[in-house]
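Examining the three-dimensional arrangement
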Amino acid sequence: MAKMTISLPDDLADYVARRVASGGYSGAGAYLAELVLKDQNHRKLDDEEVREILRLAEESGISDRRIADILMETKAKLRDHL
């Protein structure tokens, strides 16, 4: 296992200390390790999703829709999901 030393602003260090004190983690290292793992998983999923979207887009062919229409549809979908 590798050892790292990091510096955090006081407010973030206090937050980490409160998370550890709440009993959910054995120490600051365990908390930070969980954050790194979550970040790795999040990025991995994002990369996979983007590859799948690009694959589907290539397979769908050329669209006859205008860019403005596509943007309006996308904005409407985003509003619906918020």
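About the thresholds
- Residues numbered from 1 in each chain as written.
- Predicted model: local features only at pLDDT ≥ 70, side-chain atom pairs only at ≥ 80, totals over all residues.
- Heavy atoms only, no water.
- Helix = DSSP H or I, 4+ residues; strand = E, 2+ residues; numbered from the N terminus.
- Buried < 20%, exposed > 50% of the residue type's maximum accessible area, 1.4 Å probe, protein only.
- Areas by Shrake-Rupley, 256 points an atom, 1.4 Å probe, with all protein chains shown as cover.
- Lys, Arg positive; Asp, Glu negative; His and termini not counted.
- Charge placed at Lys NZ, Arg CZ, Asp CG, Glu CD.
- Expected span 1.5 Å × (residues − 1).
- Phe/Tyr/Trp six-rings, centres within 6.5 Å; stacked < 30°, edge-to-face > 60°.
- Salt bridge = Lys/Arg side-chain N within 4 Å of Asp/Glu carboxyl O.
- pLDDT = per-residue confidence, 0-100.

**Details of the overall build of the protein chain**
A count of helices and strands for the protein chain gives three helices and zero strands. Going from N to C terminus, the protein chain has its helices and strands arranged as α-α-α. Projecting the C-alpha coordinates of the protein chain onto the three principal axes gives extents of approximately 55 × 30 × 20 Å. Counting all 82 residues of the protein chain, 5% fall into the buried class. Working note: accessible area of the protein chain is about 7800 Å², and carbon and sulfur atoms make up 59% of it. Charge separation in the protein chain, taken as the distance between the mean sites of 13 positive and 16 negative side-chain charges, equals 2 Å.

**What about the environment of Gly 27?**
When you line up the elements, Gly 27 lands in the loop between helix H1 (10–24) and helix H2 (28–60). Taking the C-alpha atoms as reference points, Gly 27 and Val 16, separated by 11 residues in sequence, lie 9.0 Å from one another.

**Considering helix H3 (residues 67–81)**
When the terminal C-alpha atoms of H3 are compared, their 21 Å separation across 15 residues agrees well with the 21 Å that a helix rising 1.5 Å per residue should span. Counted residue by residue, H3 has zero buried out of 15 residues, so it is predominantly exposed.

**So, the packing of aromatic side chains**
The tally for this structure, following the rule as stated, stands at two aromatic pairs. Pairing Tyr 25 with Tyr 31 gives two aromatic rings, centres 4.9 Å apart and planes at 75°, and the pair type is edge-to-face. Each member of the pair, Tyr 25 together with Tyr 31, is buried. An aromatic cluster of at least three residues, connected via ring pairs, comprises Tyr 15, Tyr 25 and Tyr 31.

**A look at the environment of Ala 13**
Tracing the backbone shows Ala 13 in helix H1. On a C-alpha basis, the gap between Ala 13 and Ala 28 in space is 9.1 Å, while along the polypeptide they are 15 residues apart.

**Topic: the pattern of salt bridges**
For the structure on display, the rule yields six salt bridges. A salt bridge links Glu 34 to Lys 38; the nearest nitrogen and oxygen atoms lie 3.1 Å apart. Placement of both Glu 34 and Lys 38 in helix H2 is noted, with a separation of four residues, approximately one turn of the helix. With a closest N to O distance of 2.6 Å, Glu 59 and Arg 55 form a salt bridge.

**Some points on the confidence of the model for the protein chain**
Put simply, the protein chain has an average pLDDT of 91, and 99% of its residues get 70 or more. Mean pLDDT in the protein chain bottoms out at H2, which sits at 90, and peaks at H1, which reaches 94.

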